[in-house]
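# Structure at a glance
Each chain, letter by letter, is given below.
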Amino acid sequence: MIQEKIKKIYKVKVSRIEKVSSNSHLIEIDLPFEIDIKAGQFISIYCNGLTLRRPFSVYYHSGNKIGILFKERGKGTSYIKSLRTGDLIDITGPLGNGFNIKNKKSLLIGAGIGVAPMAFLKSELDKRGIENLFACGFLNKNEIPNNINIDKIYTDDGSYGETGSVLNYTERLINQFKPEIIYTCGPYIVLKTIAKTAQEYGIEVQVAMEKVMACGIGICRGCVIDVKKEGKIVNATVCKDGPVFSGSEVVWQ
Ligand SMILES: Cc1cc2nc3c(=O)[nH]c(=O)nc-3n(C[C@H](O)[C@H](O)[C@H](O)COP(=O)(O)OP(=O)(O)OC[C@H]3O[C@@H](n4cnc5c(N)ncnc54)[C@H](O)[C@@H]3O)c2cc1C
Ligand code: FES
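Rules used throughout
Per chain, residue numbering runs from 1 following the sequence as it is written. Working convention: letters from A go to chains and numbers from 1 go to ligands, in the order in which they are written. For this predicted model, a pLDDT threshold of at least 70 governs which residues receive local features, and a threshold of 80 or more governs which side-chain atom pairs are given and counted, while totals over whole chains, interfaces and linings are taken from all residues. No hydrogens and no water enter the side-chain calculation; it runs on all heavy atoms of the structure. Each helix corresponds to a stretch of at least 4 residues labelled H or I by DSSP, and each strand to a stretch of at least 2 residues labelled E; elements are numbered beginning at the N terminus. Each radius of gyration reported is based on C-alpha atoms, and the globular scaling rule is 2.2 Å times the count of residues to the power 0.38. Burial classification: accessible surface area is computed with a 1.4 Å probe over protein chains only, and a residue below 20% of its type maximum counts as buried, one above 50% as exposed, and the rest as partly exposed. Note on areas: Shrake-Rupley with a 1.4 Å probe; residue coverage comes only from the protein chains shown. Under the convention used here, Asp and Glu are negative, Lys and Arg are positive, and both His and the chain ends fall outside the count. To locate a charge, the coordinates of NZ of Lys, CZ of Arg, CG of Asp or CD of Glu are taken. Expected span of a helix: the number of residues minus one, times 1.5 Å. Two residues form a contact once any of their heavy atoms are found within 4.5 Å. Note on geometry: axes are lines fitted to C-alpha atoms, helical ones only across the stretch in contact, with angles between N-to-C directions running from 0 to 180 degrees. Crossing chirality is assigned from the near helix's rotation relative to the far helix, an anticlockwise turn below a right angle marking it left-handed and a clockwise turn marking it right-handed. Gly is placed with the polar residues, together with every amino acid not listed as nonpolar (Ala, Val, Leu, Ile, Met, Phe, Trp, Tyr, Cys and Pro) or charged (Asp, Glu, Lys and Arg). Any Lys or Arg side-chain nitrogen located within 4 Å of an Asp or Glu carboxyl oxygen qualifies as a salt bridge. Nonpolar core, defined: a set of buried Ala, Val, Leu, Ile, Met, Phe, Trp, Tyr and Cys residues in which side-chain atoms within 4.5 Å join the residues together. The source of the domain bounds is an automatic or database domain assignment.

## Overview of the overall build of the protein chain
- What the protein chain contains, in helices and strands, is 5 helices and 16 strands.
- Compactness check: the protein chain gives a C-alpha radius of gyration of 18 Å against a globular reference of 18 Å for 253 residues, within 12% of the reference.
- Overall, the protein chain is about 50 × 45 × 35 Å in size when its C-alpha atoms are taken along their principal axes.
- Within the protein chain, the fraction of its 253 residues that count as buried is 49%.
- On the protein chain, roughly 12200 Å² of surface is accessible, and the fraction owed to carbon and sulfur atoms is 48%.
- In the protein chain, 34 positive and 26 negative side-chain charges are present, and the distance between their average locations comes to 4 Å.

Shown next, in the form of structure tokens:
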């Protein structure tokens with residue numbers, strides 16, 4: 001089983017790297033062959049000497065190219081930012097479960113860097129002709145990545161779109177768009193609030209969770225969260241059982 005997982009390690013070439021907003025960068029890599037990737041799945045990148053690989057959601061996937069949208073935080077992301085076109089990097093993936101796409105009128109809500117897997121999901125829904133609305137919140141207009149296809153934008157400081165957190169608009173979005181399912185990714189508080197609101201409206205919701213990860217493949221148990229299964233509370237790993245969970249199964253803290 002571990003061998004099966006290790007097969008997913010690839011040495012890949014960076015085909016593009018650029019700053020796409022005040023606080024995010026895009027890195028595009030060429031895979032040696034085409035692989036299937038579901039929106040919501042992630043890859044983890046070996047960062048030059050750091051023991052733990054760093055996980056990143058797939059932002060787009062087309063043919064043998066994968067795009068990752070990332071924010072610089074510490075040593076790992078600073079290393080990724082320093083890469084140049086033509087450099088070789090070591091990735092594993094695709095990892096995790098991904099969104100379980102339903103043929104239902106879909107509301108997509110992203111916040112901050114959580115926009116990345118939602119943009120991929122939107123492109124998948126569009127390909128399948130599933131009606132959707134993609135709403136996203138940022139701190140300000142400078143944080144909005146270039147060339148991104150978002151239907152409704154909210155900024156905390158009102159510098160673009162409507163003013164305030166996307167959370168202030170969730171109920172309005174539900175009442176106006178009348179989704180049958182909500183998919184979301186962003187900070188924990190955003191996921192928790194949207195899951196609760198969706199439950200109040202009786203709407204199915206899928207949340208893409210984030211946890212600091214070590215192995216990334218379900219072995220170390222470093223990324224467990226509590227979920228409800230058949231009336232019991234059990235552990236689930238964000239890296240392997242997730243990162244996408246039903247909002248109603250997560251035991252929110
Ligand atoms: C499934 C998944 C998907 C992700 N997708 C993206 C993505 O698309 N784009 C992106 O920019 N980031 C994403 N992240 C977060 C990304 O993995 C971290 O920002 C990265 O590992 C930080 O590495 P670093 O060495 O630069 O920072 P570190 O030095 O490791 O950490 C710097 C700071 O960031 C915090 N941090 C580190 N890892 C995480 C994490 N996993 N979640 C929350 N905070 C963290 C640390 O607590 C610390 O405060 C994702 C994380 C997960 C688990
Ligand atoms: S990071 Fe090791 S089990 Fe999830």
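## Some points on helix α3 (residues 115-127)
- In this model α3 runs 18 Å from its N-terminal to its C-terminal C-alpha over 13 residues, within 8% of the 18 Å that 1.5 Å per residue would give.
- Burial analysis of α3 places 10 of its 13 residues in the buried class, which makes it a mostly covered element.
- All buried positions along α3 are accounted for by Val115, Ala116, Pro117, Met118, Ala119, Phe120, Leu121, Lys122, Glu124 and Leu125.
- Where α3 is buried, its residues touch β4 (54-57), β5 (60-62), β6 (65-70), β8 (106-111), β9 (132-138) and β12 (181-185).
- Two residues or fewer after α3 comes glycine 129, characterised by a positive phi angle close to 70°.

## Observations concerning the packing of helix α4 (residues 170-177) against helix α5 (residues 188-201)
- Two elements in contact, α4 and α5, have axes whose closest approach is 10 Å; the angle formed by their N-to-C orientations is 40°. Helix-helix and strand crossings are classified by hand; for α4 and α5 the assignment is right-handed. The residues of α5 that touch α4, namely those facing Thr170, Glu171, Ile174 and Asn175, are Ile194, Thr197 and Tyr201.
- When its residues are assigned to classes, the contact of α4 with α5 shows 3 nonpolar, 3 polar and 1 charged.

## A closer look at α5
- A rise of 1.5 Å per residue sets the reference length of α5, with its 14 residues, at 20 Å; its end C-alpha atoms lie 20 Å apart and thus fit the reference within 8%.
- In this structure, the buried side of α5 is in contact with β8, α4, β12 and β13 (204-208).
- A positive backbone phi angle near 70° is found at glycine 202, which sits one or two residues after α5.

## Focus on the pattern of salt bridges
- Inspection of every chain in the model, using the stated rule, returns 15 salt bridges.
- Here lysine 196 ties to glutamate 200 by a salt bridge, and the two come within 3.4 Å at their closest N and O atoms. Of the two residues, lysine 196 and glutamate 200 both sit in helix α5, 4 residues apart, roughly one turn of that helix. The pair formed by lysine 196 and glutamate 200 is uniform in burial state, with each residue classed as exposed.

## Describing the nonpolar core
- The biggest cluster of nonpolar side chains holds 51 residues, and the ones touching the most others in it are Ile27, Ile29, Ile80, Ile89, Ile91, Leu121 and Tyr183.
- Of the residues that make up this core, three or more belong to each of domain 1 (2-95) and domain 2 (106-208).
- If we ignore the near neighbours within four places in the chain, the residues touching isoleucine 80 are Ile17, Ile27, Ile45, Cys47, Phe56 and Phe70.
- Core analysis: the second largest hydrophobic core is formed by 32 residues, Tyr169, Ile174, Met213 and Val227 among them.

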